[in-house]
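Chain by chain, the residues:
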Amino acid sequence: MVEIVNIISSMTTETKFNFENEKEKKPEWLEKVREYYGGEVHSHSRWSDRGEVEGGGEEKVIHSETRLLEYADKLGLNFVVFSEHASDPGNPVKLPESHPICQSLLKEKERIDEINLSGKYKVQAFSAVEASIFFDETGETIIDVPDSILHKLNLVVASRHTIAEQLEPTKIKESLLAAVNNFEVDIIGHPYRYIEFYKHDWNYFKKYWRKDPDTYAELEELESNKQWDLIKQIIGKEDIKNNERIKELNELFLQLKDEYWQVWDETLMSMEKNGKAFEINLSIFDPSKEFYRSLLERASGYQNLNFSISYDFHNLEKLANLNNKGSVTEKPADIKNLGRSKAVQRLLDLISLLESLNIGSDKIINSSSENLEEFIEERNKKKRSIY
């Protein structure tokens, strides 16, 4: 979100415009962005930097929530959700309700409530957390923040950051469904992170077999000896020739891929049923890549599944390294900063893909204030029916 809200300040005087003046001609790209992106639902402020707290992680976050709100006002966004990290995402731990991190989440909520009541900003702020999904020492899938704390926040994002056996389909399913089936969770954050499985994905297949030293050594040997023809046969890029072992490895590859996509079908179905939003995290999700296009196409088949679009910002420079090599849209000419123009270009690429899959802005919970409020109210109704 921070990169997007800085776009305006990077424009020349001639290309700046007043959002309040409806007679002012707006760039075509802005009209499209406004249709799908009304505010940010996954951003981090200084509250996410918990390096000095036991169980917390250090984040290179340099912006206060008020500074982000000032930028959002300049851009004309409708809302900003502060989804702060709880325990260290790289080493998550289960936090008790009395833990300083849990209490700081409640303090930030009070702070945000005060900011909203002050009327200083046009943009509305929401309190949230990006909770971590992980397996504890007993192998149970848990979320690092207790439900009693999650219940008091405006929104809850739950994400996988560090997961044991993260390429194992059963572990993927267990971890994602633990969040999907939690009534306090609203958005499943970057659910595809670190587990992308491309159509002919040798790397995924090889890494998966680290669990079996003999098979892994066999695959490593094929690669080190540059047996590319055999590797292509294993991953289905070429027809298998008279080699029984390669045929067996190809069957293992196809079985793994089938199990992997079955996990996604079960997860997406459960997300739709439980009213969870599927996060399209543009710091990771590249609309030009085959895996992401395939996954979103699969998700589009679930008619009642909602989505969120986010940038998952931690600092101003984060999007400078975006690789938009496969982009199908032009960088907006009136955004002079190259790094910032990449942010809009990727969003426009995503919108083009969404439209091709008949995913309208009505399915995006943060396309407008009305959509976000409706999503939160629907969530609250379900909670009231349970508690």
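Look up a bit, the structure's there.
Model, not experiment: these values are computed from the prediction.

Here is what the cut-offs are and how they apply
- Residues numbered from 1 in each chain as written.
- Predicted model: local features only at pLDDT ≥ 70, side-chain atom pairs only at ≥ 80, totals over all residues.
- Heavy atoms only, no water.
- Helix = DSSP H or I, 4+ residues; strand = E, 2+ residues; numbered from the N terminus.
- Rg over C-alpha atoms; globule rule 2.2 N^0.38 Å.
- Buried < 20%, exposed > 50% of the residue type's maximum accessible area, 1.4 Å probe, protein only.
- Contact = heavy atoms within 4.5 Å.
- Areas by Shrake-Rupley, 256 points an atom, 1.4 Å probe, with all protein chains shown as cover.
- Lys, Arg positive; Asp, Glu negative; His and termini not counted.
- Charge placed at Lys NZ, Arg CZ, Asp CG, Glu CD.
- Pairing = 2+ DSSP bridges.
- Right-handed = clockwise from strand over helix to strand, strands pointing away.
- Axes fitted to C-alpha atoms, helices over the stretch in contact; angles between N-to-C directions.
- Parallel < 35°, antiparallel > 145°, perpendicular 65-115°, else oblique.
- Nonpolar A, V, L, I, M, F, W, Y, C, P; charged D, E, K, R; others polar.
- Expected span 1.5 Å × (residues − 1).
- Polar contact = N/O pair within 3.5 Å; in protein donor to acceptor, adjacent residues only side chain to side chain.
- Phe/Tyr/Trp six-rings, centres within 6.5 Å; stacked < 30°, edge-to-face > 60°.
- Salt bridge = Lys/Arg side-chain N within 4 Å of Asp/Glu carboxyl O.

Colleague: Even after reading the chapter, I still don't get the overall build of the protein, so can you show me in this structure?
Modeller: Along its length, the protein carries 14 helices and eight strands. Whereas a compact globule of 387 residues would reach a radius of gyration of roughly 21 Å, the protein reaches 22 Å, a difference of no more than 12%. Overall size of the protein, expressed as C-alpha extent along the three principal axes, is 75 × 50 × 40 Å. Within the protein, the proportion of its 387 residues that are buried is 55%. If you take every contact in the protein between residues at least 6 apart in sequence, the share linking residues at least 24 apart comes to 75%. Only carbon and sulfur atoms are counted for the fraction: they give 45% of the accessible area of the protein, which is about 18,000 Å². The averaged location of the 70 negative side-chain charges in the protein is 4 Å from the averaged location of its 52 positive side-chain charges.

Colleague: Please explain the pairing of strand S2 (residues 79-85) as it appears in this structure.
Modeller: Regular strands have side chains that alternate between both faces of the sheet. Burial analysis of S2 places seven of its seven residues in the buried class, the great majority of the element. Where burial is concerned, the two faces of S2 agree: the one with Phe79, Val81, Ser83 and His85 and the one with Val80, Phe82 and Glu84 are both buried. Strand direction decides the pairing type here: strand S1 (residues 39-43) and S2, joined by three bridges, are parallel. Among the inter-strand pairings, Glu40 is bridged to a residue of S2, identified as Val80. For S2 and strand S3 (residues 124-135), the ladder comprises seven bridges, and the chain directions are parallel. Along S3, the bridge assignment pairs His85 with Glu130. Handedness of the crossover joining S2 and S3 through helix H5 (residues 100-118) is recorded here as right-handed.

Colleague: Can you help me understand the packing of helix H7 (residues 169-180) against helix H11 (residues 244-274) in this one?
Modeller: Any two packed helices are characterised by the angle at which their axes cross and by the distance between the axes. Closest axis-to-axis distance for the H7/H11 pair is 9 Å, and the angle between their directions is 5 degrees. In terms of orientation, H7 lies roughly parallel with respect to H11. In this structure, H7 uses Pro169, Ile172, Lys173, Leu176, Leu177 and Val180 to contact H11, whose residues at the interface are Leu256, Glu259, Tyr260, Val263, Trp264, Glu266, Thr267, Ser270, Met271 and Asn274. Broken down by class, the residue content of the contact of H7 with H11 amounts to ten nonpolar, three polar and three charged.

Colleague: Sorry if this is basic, but what is going on with H11 here?
Modeller: Relative to the 45 Å expected for 31 residues at 1.5 Å per residue, H11 spans 45 Å between its end C-alpha atoms, a close match to the ideal helical length. The N-cap residue of H11 is Asn243: its side-chain oxygen and the backbone nitrogen of Arg245 are 3.1 Å apart. The first or second residue beyond H11 is Gly275, which carries a positive phi of 70 degrees.

Colleague: Is there a simple way to think about the environment of Tyr302 in this case?
Modeller: Structurally, Tyr302 can be placed in the loop between helix H12 (290-299) and strand S8 (306-310). Residues Tyr302 and Glu272 lie 30 residues apart in sequence; the distance between their C-alpha atoms is 6.9 Å. With near-sequence residues (within four places) excluded, Tyr302 lies in contact with Asp265, Leu268, Met269 and Glu272.

Colleague: Is there a simple way to think about helix H4 (residues 65-75) in this case?
Modeller: Counting along an α-helix, one turn takes 3.6 residues, and residues three or four places apart therefore face a common direction. By the burial criterion, the buried members of H4 are Glu65, Thr66, Leu68, Leu69, Tyr71, Ala72 and Leu75. Looking at the residues trailing H4, positive phi occurs at Gly76, about 95 degrees.

Colleague: Would you explain the packing of aromatic side chains in this entry?
Modeller: Aromatic rings considered in pairs are described by the distance between their centres and by the relative angle of their planes. Going through the model one piece at a time under the given rule, you end up with 20 aromatic pairs. Seen from their ring centres, Tyr192 and Phe278 are 5.8 Å apart, and the 45 degrees between their planes marks the pair as tilted. Remark: Phe278 occurs in strand S7 (residues 277-281) and Tyr192 occurs in the loop between strand S6 (187-189) and helix H8 (202-208); sequence separation between them is 86 residues. By the burial criterion, Tyr192 is buried, and Phe278 matches it. Centroid distance Trp261 to Phe291: 5.9 Å. Interplanar angle 40 degrees. Geometry classified as tilted.

Colleague: How should I be thinking about the side chain of Asn182 in this particular structure?
Modeller: Considering the arrangement of structural elements, one finds Asn182 in the loop between H7 and S6. According to the relative accessible area criterion, Asn182 is buried, its value standing at 13%. Contacts of Asn182, omitting those with residues within four sequence positions, involve Ile143, Asp147 and Lys276.

Colleague: Mind showing me how you'd approach the pattern of salt bridges here?
Modeller: Note that side chains of opposite charge can pair when their charged atoms are close. In the structure shown here, the tally under the stated rule is 13 salt bridges. Glu168 is the salt-bridge partner of Lys211, the closest N and O atoms lying 3.2 Å from each other. Taken together, the residues Lys211 in the loop between H8 and helix H9 (213-224) and Glu168 in the loop between strand S5 (155-160) and H7 connect sequence positions 43 residues apart. When its relative accessible area of 13% is taken as the criterion, Glu168 is described as buried. Here Asp186 and Arg379 are joined by a salt bridge, their closest N and O atoms 2.7 Å apart. Of this pair, Asp186 sits in the loop between H7 and S6 while Arg379 sits in helix H14 (residues 369-386), and the two are 193 residues apart along the sequence. With respect to class, Asp186 is no different from Arg379; both count as buried.

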